[in-house]
Amino acid sequence: MARKKIIAGNWKMNMTPTEAKALVETLAPLVQNPDVDVVYCVPAIDIVPVVEAVKGSNVEVGAENLYIEDKGAFTGEISANMLVDAGVKYVIIGHSERRQYFGETDEFLNKKVLKALEKGLTPILCCGETLEQREAGVTLDWINLQIKSDLQGVTAEQAASIVIAYEPIWAIGTGKTATSDQAQEVCGAIRKTIAEIYDADTAEKIRIQYGGSMNAGNCKELLAKPDIDGGLIGGAALKPDFGQIVNYDK
Ligand code: PEP
């Protein structure tokens, strides 16, 4: 069975609640494609207004983070239960900005993945190499390690439902995109890793996105590759271009 493409916007720390509502309204007529799952991953404060604004549409809402505990004295954090109650369906885990600026380790991210799955949220699990790692020729080994660490204790059935986003760090927000062949090589290797950890059926089902300066101009070529099942989009998710990415096949 063909995997349905999934195009997710990562709004990062952009858009006030007022701006968020306006963006959802602008994008609403542009992001209708029955062959694609569309997700807006938004800052915590935008979740409630964005869930309200997308009601009745084809768009689902994702969070950009969650905490590993259910409740208690964790000032500033947001639990999976809170996200679920607010209507969130997806959550980005392990974005390179969280790994880099907030010191999130694979061990910690694994706990986040398990918590999200326990509560019925779909993780969008990010992985990716630095430019130094790519130049040293260790990209595939590094990503293999990230995936294996982040998925410890995840069952095959759970793994089949998650989304993995391959995001080379050197391509995020830089305007430098991996070539479609580079992106396919790594996404194909991730699928092989999933087959190794689990089985061929799970590998066939799991959806793997590419992220890193994907835009209206380069999305078609990237999304035509056999192991690229969608995109995680930063900068272009805040513009009408996002609609062109969602409709890459038109
Ligand atoms: C991202 O942050 O996930 C991302 C892919 O950003 P950009 O599209 O701006 O490179």
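Residues numbered from 1 in each chain as written. Predicted model: local features only at pLDDT ≥ 70, side-chain atom pairs only at ≥ 80, totals over all residues. Heavy atoms only, no water.

Engineer: How should the site of the ligand be read in this particular structure?
Structural biologist: Around the ligand, a shell composed of 14 residues is seen, among which Lys12, His95, Glu167, Gly173 and Ser213 lie nearest. Within the side chain of Asn10, one N or O atom sits 3.5 Å away from an oxygen atom of the ligand. Here an oxygen atom of the ligand and a backbone polar atom of Ser213 are 2.8 Å apart. Burial of the ligand by the protein chains amounts to 95% of its free accessible area of 290 Å². Taken together, the residues that form the shell around the ligand break down as four nonpolar, eight polar and two charged. (Near = heavy atom within 4 Å. Polar contact = N/O pair within 3.5 Å; in protein donor to acceptor, adjacent residues only side chain to side chain. Areas by Shrake-Rupley, 256 points an atom, 1.4 Å probe, with all protein chains shown as cover. Nonpolar A, V, L, I, M, F, W, Y, C, P; charged D, E, K, R; others polar.)

Engineer: Which parts of the structure should I look at to understand helix 5 (residues 106-118)?
Structural biologist: Residue pairs spaced three or four apart in an α-helix point in one direction, given the helix's 3.6 residues per turn. Along its 13 residues, helix 5 runs 18 Å from first to last C-alpha, staying within 8% of the 18 Å computed at 1.5 Å per residue. Turning to helix 5, its buried residues are Asp106, Leu109, Asn110, Lys112, Val113, Lys115, Ala116 and Leu117. Among the structural elements, helix 3 (80-86), strand 4 (90-93), helix 4 (96-101), strand 5 (122-127), helix 7 (139-150) and helix 8 (156-161) are those in contact with the buried residues of helix 5. Looking one or two residues past helix 5, Gly120 carries a phi angle of roughly 85 degrees, positive in sign. (Helix = DSSP H or I, 4+ residues; strand = E, 2+ residues; numbered from the N terminus. Expected span 1.5 Å × (residues − 1). Buried < 20%, exposed > 50% of the residue type's maximum accessible area, 1.4 Å probe, protein only. Contact = heavy atoms within 4.5 Å.)

Engineer: It is not clear to me how the pattern of salt bridges should be interpreted in this structure. Could you clarify?
Structural biologist: Pairing is possible between side chains of opposite charge, provided their charged atoms come close. Applying the stated criterion across every chain yields a total of 21 salt bridges. A salt bridge links Asp37 to Lys4; its shortest N-O distance comes to 3.0 Å. Linking Asp37 in strand 2 (residues 36-42) with Lys4 in the segment before strand 1 (5-10), this pair joins segments that are 33 residues apart in sequence. Where Lys12 meets Glu97, a salt bridge forms, and the shortest distance between an N and an O atom there is 2.8 Å. Taken as a pair, Lys12 in the loop between strand 1 and helix 1 (17-27) and Glu97 in helix 4 lie far apart in primary sequence, 85 residues in all. Exposure remark for Glu97: the relative accessible area of 22% places this residue in the partly exposed category. Sharing partners across several salt bridges, the network here consists of Arg3, Arg191, Glu204, Asp227 and Asp229. (Salt bridge = Lys/Arg side-chain N within 4 Å of Asp/Glu carboxyl O.)

Engineer: Hey, could you run me through the side chain of Asp150 in this one?
Structural biologist: Within the element layout of this structure, Asp150 appears in helix 7. Here Asp150 falls in the buried class, since its relative accessible area comes to 0%. When residues no more than four places from it in sequence are discounted, the contact partners of Asp150 are Arg99, Asp106, Leu109, Asn110, Val113, Leu125 and Cys126.

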